[in-house]
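# Inside the fold
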Amino acid sequence: MGNLPDLGDFGGMTDFDMPSPASHMPARLSKKAKAAIIVKLLAAQEVKLPLANFPEELQVELAHQLTELRYIDKHTLTSVVEEFLEEIEAIGLSFPGGLEGALKVLDGTISPTTASKLRSNAGFSLTGDPWQRISDVEIPRLLPILQEESVEVGAVLLSKLKVSKAAQLMSMLPGERARRVAYAVSLTSGVSPEVVQRIGISLAAQLDAQPSAAFPEEPPERVGAILNFSSSTTRDGVLEGLDETDKNFADEVRKNIFTYANIATRIDPRDVAKVVRAVEQDILIKALAGAIGEAAASTEFILTNMSKRMAESLREEMDNLGKVKDSDAEEAMNAVVAGIRDLEATGEIFLLTGDD
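Residues numbered from 1 in each chain as written. Predicted model: local features only at pLDDT ≥ 70, side-chain atom pairs only at ≥ 80, totals over all residues. Heavy atoms only, no water.

If you look the protein up in an unreviewed UniProt entry, it shows as Flagellar motor switch protein FliG from Celeribacter ethanolicus. Its UniProt record gives the protein a comment under Function (unreviewed entry), which states: "FliG is one of three proteins (FliG, FliN, FliM) that forms the rotor-mounted switch complex (C ring), located at the base of the basal body. This complex interacts with the CheY and CheZ chemotaxis proteins, in addition to contacting components of the motor that determine the direction of flagellar rotation." Quoted verbatim from the Sequence similarities (unreviewed entry) field of UniProt, the annotation for the protein is "Belongs to the FliG family." (UniProt positions renumbered as here; feature names shortened; annotations may be inferred.)

Have a look at this one:
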């Protein structure tokens, strides 16, 4: 239905006279009455139009039109539908309407800073549902609101989000705060739609006031990603220095580091076959053969969780390869880690946590 013309503008052609056999039928149909007829006709076919996106005055006027109309004959209905279809067929291109619709069209093509400035300059003259915008906001930006606002506002926020997203947010709250917000949800049955709308507008204002993040990932994630592909000597030295400077930050960085040595503890045994397929065999053999120390456990983990025939074939290739230079082994192990990261990014595998 995205290409339908605005029902408020429907009926741009000259109004036509009604056949007037009955006194309960109007002599003429206005543009607004025609729009009401189309809405009623679609509703009878169980087609729900997104009327909530219209300005409130248009929604009220539509309700008035539906109240005033009684009956129309088949000839009039056919004429209204034909006129409506002619207007649809004449449309070459439709636009979203409103700033939020425009920003969705431009998403990924303009900078977040520009989008934020446009929202700020527009104030709250925007049409549409603020909760639709809030539901698209990423969890890290919603969490501070849930932590700092009153539990009543937090309860409304959780109630308006998808269950999966609300569950993620709830799991990130401290136990006492989570219990209080959960109880407040039980008290939301008496909250009026007007109050929910005002809360949505207020929260949207807070989100728009937040400065745009220059980097999509948090600092521990960025440092962890860099150290993932650094040499073990560099990685150990940096972590040792971070321990002395900021132990908490160092611990967060460690949580975001995934190296070849972590394969044995963070890869599901059932996903080993996917990992093996993601890496060229000669690189895999070099990584398996060159892993020493703690990393050797990951080699054994990989070989143990594949078919016996394939494991024997790989062991034979490893024996034939002989000793692998440390630099070549590290490069190969980093390639295996990169393959695992690609699988994780596409959702084909999920890395286990310490609780799994």
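### Here's the deal with the overall build of the protein
A tally of regular secondary structure across the protein gives 20 helices and zero strands. Counting the 356 residues in the protein, one finds 33% classified as buried. Carbon and sulfur atoms provide 54% of the accessible area of the protein, an area that totals close to 21900 Å². (Helix = DSSP H or I, 4+ residues; strand = E, 2+ residues; numbered from the N terminus. Buried < 20%, exposed > 50% of the residue type's maximum accessible area, 1.4 Å probe, protein only. Areas by Shrake-Rupley, 256 points an atom, 1.4 Å probe, with all protein chains shown as cover.)

### Thoughts on helix α7 (residues 139–148)
All of the buried residues along α7 are I139, L142, L143, I145 and L146. End-on, the buried residues of α7 take up no more than an arc of 165°, which puts them together on one face. Exposed side of α7, more than 90 degrees from the buried face: P140 and E148 are the residues found there. (Arc of directions from axis to C-beta.)

### Looking at the packing of helix α13 (residues 232–245) against helix α14 (residues 247–255)
It is at 6 Å that the axes of α13 and α14 come closest, and there the two elements cross at 145°. Contact with α13, carried on its side by L239, L242, D243 and T245, involves K247, F249, A250, V253 and R254 of α14 and no other residues of that element. Broken down by class, the residue content of the contact of α13 with α14 amounts to five nonpolar, one polar and three charged. (Axes fitted to C-alpha atoms, helices over the stretch in contact; angles between N-to-C directions. Contact = heavy atoms within 4.5 Å. Nonpolar A, V, L, I, M, F, W, Y, C, P; charged D, E, K, R; others polar.)

### Thoughts on the nonpolar core
Counting residues in each nonpolar core, the largest one holds 31 residues, and the members touching the most others are Y260, I263, I267, L288, I302, V336 and I340. For this core, the elements supplying multiple residues, two or more each, are α16 (272–278), α17 (281–290), α18 (296–304), α19 (308–321) and α20 (326–345). With seven residues, the single largest contributor to this core is α20. Aside from chain neighbours lying at most four places away, what touches I263 is F258, S298, F301, I302, V336 and I340. Membership of the second largest hydrophobic core comes to 25 residues, among which are W131, L142, A155 and L157. (Core = buried A, V, L, I, M, F, W, Y, C linked by side-chain atoms within 4.5 Å.)

### A closer look at α20
Given 3.6 residues per helical turn, the α-helix brings residues three or four places apart onto the same face. With 20 residues, α20 should reach 28 Å at 1.5 Å per residue; the first-to-last C-alpha distance of 28 Å fits that figure. Taken residue by residue, α20 has A329, A332, M333, N334, V336, V337, G339, I340 and L343 as its buried positions. Looking at the buried positions of α20, the neighbouring elements they touch are α12 (219–228), α15 (263–266), α16 and α17. Two residues or fewer after α20 comes G347, characterised by a positive phi angle close to 80°. (Expected span 1.5 Å × (residues − 1).)

### With respect to a negative patch on the surface
Taken together, D236, E240, E244 and E294 make up a surface patch of like negative charges. Within the secondary structure, E240 sits in helix α13. The exposure class assigned to E240 is exposed, which follows from its relative accessible area of 51%. (Patch = residues over 30% accessible without salt bridge, like charges linked within 9 Å, V, L, I, M, F, W, Y side chains within 5 Å. Salt bridge = Lys/Arg side-chain N within 4 Å of Asp/Glu carboxyl O. Lys, Arg positive; Asp, Glu negative; His and termini not counted. Charge placed at Lys NZ, Arg CZ, Asp CG, Glu CD.)

### What about the pattern of salt bridges?
This structure, assessed with the given rule, holds 10 salt bridges. A salt bridge links R254 to D251; the shortest N-O distance between them is 3.8 Å. Of this pair, R254 and D251 both sit in helix α14, three residues apart, which is roughly one turn of that helix. Take R254: its relative accessible area is 36%, and that puts it in the partly exposed class.

### Overview of the side chain of R266
Secondary-structure assignment places R266 in helix α15. Here R266 sits buried without a salt bridge, and the closest side chain of opposite charge, E344, lies 6.0 Å off (N-O distance). Not counting residues within four places of it along the chain, the set of residues in contact with R266 comprises K255, I257, F258, F350, L351 and L352.

### Describing the packing of α18 against α19
Angle between the axes and distance between the axes are the two parameters that describe a pair of packed helices. At a closest axis distance of 9 Å, the pairing of α18 and α19 adopts a crossing angle of 140°. By the criterion of interaxial angle, the relationship of α18 to α19 is oblique. Where α18 abuts α19, its residues T299, E300 and L303 lie against A311, L314, R315 and M318. Here the residues of the contact of α18 with α19 are counted per class, giving four nonpolar, one polar and two charged. (Parallel < 35°, antiparallel > 145°, perpendicular 65-115°, else oblique.)

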